[in-house]
Amino acid sequence: MTIRLSNSDARRIFLAKQGLSGAPHRALGKDGLLKLIHDIGFVQVDSIATVERAHHQILFSRNQTYRREHLTSLLEDDGELFEHWTHDASIIPSSFYRYWKHRFKWEGETIVERWSKWRGEGFEKSCDDTYERIAQGGPVLARELKEAEHTSGGWWNWHPSKTALEILWRTGKLAIARRENFQKVYDLTERVIPPHHHDAEVEHHEFIDWACRSALERLGFATHGEIAAFWDLVSPDEAKSWVAEHRDELIDVAIEPLDGGKPRSSYALSGFPDTLGDIPEPPGRVRVLSPFDPLLRDRNRTERLFGFFYRIEIFVPEPKREYGYYVFPLIEGDRLIGRIDMKADRKRGSLDVRRLWLERGVKASSGRMERIDAELERVARFTGVERIERLDGWNASLS
């Protein structure tokens with residue numbers, strides 16, 4: 001059985017799965033926030049705060065009643081969320097912790113050997129000493145363990161205890177108890193993750209099944225490569241084998257491309273057709289997305305579904321940048337309509353809009369510009385600045 005999906009239906013399904021089709025003004029609360037993150041799967045963490053840190057902006061773009069203190073409470077007080085690695089550092093529901101134990105095992109077999117060669121002799125003793133220091137003395141920041149003779153540098157020049165902290169975190173022996181000025185505070189995992197999450201175990205086959213099935217649930221439809229990439233917990237070959245073993249539970253989905261070419265084949269769970277009659281319409285308002293929004297994580301998928309080519313240009317030399325250092329995508333309804341370069345100047349109390357680019361064929365109509373202005377006002381309030389400053393020549397669509 002093969003189901004053919006129009007491109008617009010495919011976009012709306014993906015938006016709904018990624019939490020972007022709910023009413024953005026509906027009261028969320030702490031319980032609602034936990035459910036939102038559970039339904040999305042994870043929220044990427046990033047230190048850059050050009051406007052707002054990525055995890056806060058990702059959540060705010062889905063619900064404007066989001067409160068930062070609810071996220072902090074779920075992480076630091078309740079232990080219902082934890083920080084670890086997907087494709088990047090992310091905030092993850094602690095109910096998934098049992099599955100991450102299989103990642104810890106894999107990390108222990110690969111990263112420890114690789115980093116031992118990097119750090120040289122005495123590396124394992126540094127890990128043991130660091131663990132014992134925390135076991136006996138309690139939570140620590142990396143800087144509290146820094147050797148006096150160490151010369152500061154980048155990750156390639158980490159002091160041994162910093163390297164040990166990262167290894168112990170990546171292999172599940174330590175967890176992030178909280179952050180201070182965005183610096184990680186490490187503690188023993190069993191003192192951070194609640195026992196009902198920490199102690200649960202699953203067999204390897206159950207882990208593989210969950211990783212593939214839960215990824216497909218959150219994507220709606222996907223290739224085996226997209227299934228593997230969602231959590232970055234299993235390999236493409238493992239995802240391919242899972243698809244082969246569960247063909248009786250899967251259906252084929254053909255997605256019509258934007259350019260009218262050959263439909264792209266994907267898989268969906270067998271209950272997928274039952275959801276097609278009630279595909280929610282996303283809000284018509286314009287919303288600013290974080291460059292690290294999960295909707296954009298798979299750049300190729302985003303380009304196929306939305307016809308939107310997007311790359312973060314942080315590491316691109318300034319003369320070679322097409323847009324800017326940290327440019328935010330704009331979504332309106334089920335379309336990615338443009339991108340905006342802006343920065344929150346907290347000293348001056350302003351949201352400085354440097355440049356707005358609308359996609360080809362997207363008109364700068366009065367209604368659309370009013371919707372963009374309304375979103376900028378919402379972002380400014382969330383960020384805590386008082387006004388919006390539009391720099392000369394900010395609207396590229398009028399150039």
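Because the structure is predicted, anything quoted here is derived from the model rather than measured.

Caption draft 1: How the structure looks around the packing of helix 2 (residues 29–40) against helix 4 (residues 68–77). Running from amino to carboxyl end, helix 2 crosses helix 4 at an angle of 70 degrees, the nearest separation of the two axes being 9 Å. What the angle tells us is that helix 2 and helix 4 run roughly perpendicular. Taken together, the residues of helix 4 that come into contact with helix 2 (itself represented by Gly29, Lys30, Leu33, Leu34 and Ile37) are His70, Leu71, Ser73 and Leu74. Each residue belonging to the contact of helix 2 with helix 4 can be placed in one class, and the counts come to five nonpolar, three polar and one charged.

Caption draft 2: Geometry of the packing of aromatic side chains. Going through the model one piece at a time under the given rule, you end up with 20 aromatic pairs. Look at tryptophan 100 and tryptophan 210: their rings are 6.3 Å apart centre to centre, the planes differ by 70 degrees, and that puts the pair in the edge-to-face class. Pair noted here: tryptophan 100 is in helix 5 (residues 97–119) and tryptophan 210 is in helix 9 (residues 204–219), with a separation of 110 residues, a long-range link. By the burial criterion, tryptophan 100 is buried, and tryptophan 210 matches it. Linked through ring pairs, Phe42, Phe82, Phe96, Tyr97, Tyr99, Trp100, Phe104, Trp210, Phe230 and Trp231 together constitute an aromatic cluster. Taking NZ or CZ as reference, arginine 339 lies 4.4 Å from the ring centre of tyrosine 323, over its face. Directly above the ring of tryptophan 394 sits arginine 390, whose terminal nitrogen or CZ lies 5.5 Å from the centroid.

Caption draft 3: Fine view of helix 10 (residues 224–231). Here helix 10 has its buried residues at Glu226, Ile227, Ala228, Phe230 and Trp231. Residue aspartate 232 follows helix 10 closely and has a positive phi angle near 60 degrees.

Caption draft 4: Examining helix 4 more closely. Inspection of helix 4 places Leu71, Ser73, Leu74 and Leu75 among the buried residues, and these make up the whole buried set. Looking at the buried positions of helix 4, the neighbouring elements they touch are helix 2, helix 3 (54–62), strand 3 (81–85) and strand 4 (89–93). Immediately beyond the C-terminal end of helix 4, within one or two residues, lies glycine 79, with a positive phi of roughly 70 degrees.

Caption draft 5: Focus on the pairing of strand 4. For strand 4, the buried fraction is high: five of the five residues fall into the buried class. Of the two faces of strand 4, both are covered, the one formed by Ala89, Ile91 and Pro93 as well as the one formed by Ser90 and Ile92. Bridge count between strand 2 (residues 43–44) and strand 4: two bridges; the pairing is antiparallel. The residue of strand 4 that forms the bridge with valine 43 is isoleucine 91. As defined by bridge partners, strand 3 adjoins strand 4 across five bridges and the pair is classed as antiparallel. Across the sheet, histidine 84 pairs through a bridge with serine 90, a residue of strand 4. Counted along the chain from strand 3 to the antiparallel partner strand 4, the turn is three residues long.

Caption draft 6: Quick look at the sheet that holds strand 6 (residues 174–180). Spatial strand order, 5-7-6: three strands in an open sheet with antiparallel pairing. Each edge of the open sheet is held by one strand with a lone partner, namely strand 5 (140–141) and strand 6.

Caption draft 7: Broad picture of the nonpolar core. Among the nonpolar cores identified, the biggest contains 56 residues, and Trp100, Ile227, Trp231, Val234, Trp242 and Phe272 are the most heavily contacted of them. For this core, the element with the highest residue contribution is helix 9, accounting for eight residues. One finds Leu59, Met369, Leu376 and Phe382 within the second-largest nonpolar core, a separate group that totals 45 residues.

Rules used in this analysis
Residues numbered from 1 in each chain as written. Predicted model: local features only at pLDDT ≥ 70, side-chain atom pairs only at ≥ 80, totals over all residues. Heavy atoms only, no water. Axes fitted to C-alpha atoms, helices over the stretch in contact; angles between N-to-C directions. Helix = DSSP H or I, 4+ residues; strand = E, 2+ residues; numbered from the N terminus. Parallel < 35°, antiparallel > 145°, perpendicular 65-115°, else oblique. Contact = heavy atoms within 4.5 Å. Nonpolar A, V, L, I, M, F, W, Y, C, P; charged D, E, K, R; others polar. Phe/Tyr/Trp six-rings, centres within 6.5 Å; stacked < 30°, edge-to-face > 60°. Buried < 20%, exposed > 50% of the residue type's maximum accessible area, 1.4 Å probe, protein only. Lys NZ or Arg CZ within 6 Å of the ring centre and 35° of its normal. Pairing = 2+ DSSP bridges. Core = buried A, V, L, I, M, F, W, Y, C linked by side-chain atoms within 4.5 Å.

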